[in-house]
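What follows is each chain in one-letter form.
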Amino acid sequence: MKTWLITGCSSGIGKGIAKAVLESGDQAIVTARNKGKVMDIVEAYPETALAVSLDVCSQDSIKNAVKEAYDKFGTIDVLVNNAGIAIDNLLEEKTVEEFKKVIDTNLIGTFSVVKYLGNLINDGGSIINISSTNAIDSYYIESIDYDASKIGIISLTHNLAKYYAPKIRVNCICPGWVDTLMNKDLSKEQKEYENKKILLNRFAKPSEIANVIYFIASDEGSYINDAIIKV
């Protein structure tokens, strides 16, 4: 049994990861800025799940979350840095404040969680960062800040993999389009246009991303390290 801490579990990929982990019999600290949004997960798995409030933009919040996690389980094997936001709008309308908010949450937030938790992860454990195909080959001017933050996460992954080797493996997952609330404002025409560029002709389900993450952290994925994996 492994113990996971997953950021950004209130919906989408984060909630999918939490459910996959708990359904497998592992333990999970499921976090969100408002832990009320993840209580449904804990109610379904009261013995193996813990809901914790965690704002990745607040160092005090991160430190408090780490303490709560250790008070409950006393161990952590896997950290998934999933928390992220997007503020898509036209370039001429995008503000510096919005750009900073996206970078602070997606990139600096990932760094901050690792800073306070990384050295506490058990030997043989994993850190899995969530980036995006927006960091590799799918660029959108409306999400210029989001794309930059996700490119930064890839660079962060490479450096962290070297830093923690050989005790902790660090990998990065880059999902393409996923059917989550982050995409709720896309029009039918936009979805159809994007589907045509996807070989499977559809958006991914959150569970399909979660399954890859679970494999990487498992014993079967024990030789995967410093990898940037498109899903």
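Residues numbered from 1 in each chain as written. Predicted model: local features only at pLDDT ≥ 70, side-chain atom pairs only at ≥ 80, totals over all residues. Heavy atoms only, no water.

(A) Layout of unusual backbone geometry. In this structure, Pro-166 follows Ala-165 across a cis peptide bond, with omega equal to 0 degrees. When you line up the elements, Pro-166 lands in the loop between helix H5 (144-164) and strand E6 (169-174). In this model, Asp-226 sits at a positive phi of 55 degrees, which is unusual for a non-glycine residue. For Asp-226, the location among the structural elements is in the loop between helix H7 (206-217) and strand E7 (228-230). Taking the relative accessible area as the measure of exposure, Asp-226 reaches 30% and is therefore partly exposed. (Helix = DSSP H or I, 4+ residues; strand = E, 2+ residues; numbered from the N terminus. Buried < 20%, exposed > 50% of the residue type's maximum accessible area, 1.4 Å probe, protein only.)

(B) Broad picture of helix H4 (residues 96-117). The end-to-end C-alpha distance of H4 is 30 Å, a good match for the 32 Å that 22 residues give at a rise of 1.5 Å each. Residue Ile-108 marks the point of greatest curvature in H4, where the axis turns by about 40 degrees. Taken together, the buried positions of H4 are occupied by Val-102, Ile-103, Thr-105, Asn-106, Gly-109, Thr-110, Ser-112, Val-113, Val-114 and Leu-117. Buried residues along H4 sit against strand E1 (3-6), helix H3 (59-72), strand E4 (78-81), strand E5 (126-130) and H5. (Expected span 1.5 Å × (residues − 1). Bend = angle between axes of the 7 residues up to and from the residue. Contact = heavy atoms within 4.5 Å.)

(C) The pattern of salt bridges, seen in detail. Under the defined criterion, the tally for this structure stands at seven salt bridges. A salt bridge links Lys-15 to Asp-40, with the shortest nitrogen-to-oxygen separation between them at 3.1 Å. Here Lys-15, found in helix H1 (residues 12-23), pairs with Asp-40, found in helix H2 (residues 39-44); they are 25 residues apart in sequence, far enough to count as distant. When its relative accessible area of 15% is taken as the criterion, Lys-15 is described as buried. On the basis of relative accessibility, which here comes to 38%, the residue Asp-40 falls in the partly exposed class. (Salt bridge = Lys/Arg side-chain N within 4 Å of Asp/Glu carboxyl O.)

(D) Molecular detail of the pairing of E5. Counting buried positions over the five residues of E5 gives five, a clear majority of the element. Residues Ser-126, Ile-128 and Ile-130 line one face of E5 and the alternating positions Ile-127 and Asn-129 line the opposite face, and both faces are buried. Pairing of E4 with E5, which is carried by four bridges, proceeds in the parallel orientation. Pairing of Asn-81 across the sheet is with Asn-129, part of E5. (Pairing = 2+ DSSP bridges.)

(E) Highlighting the pairing of E6. When you tally the buried positions in E6, you get six out of six residues, the bulk of the element. Residues Arg-169, Asn-171 and Ile-173 point to one face of E6 and Val-170, Cys-172 and Cys-174 to the other, with burial holding for every one of them. Pairing analysis gives five bridges linking E5 to E6, with the strands arranged parallel. Within E6, the residue paired with Ser-126 across the bridge is Arg-169. Relative to E7, E6 runs parallel, the two being bridged by three bridges. Bridging from a neighbouring strand, Cys-172 pairs with Ile-228 of E7.

Function cannot be read off these values alone, since they describe shape.
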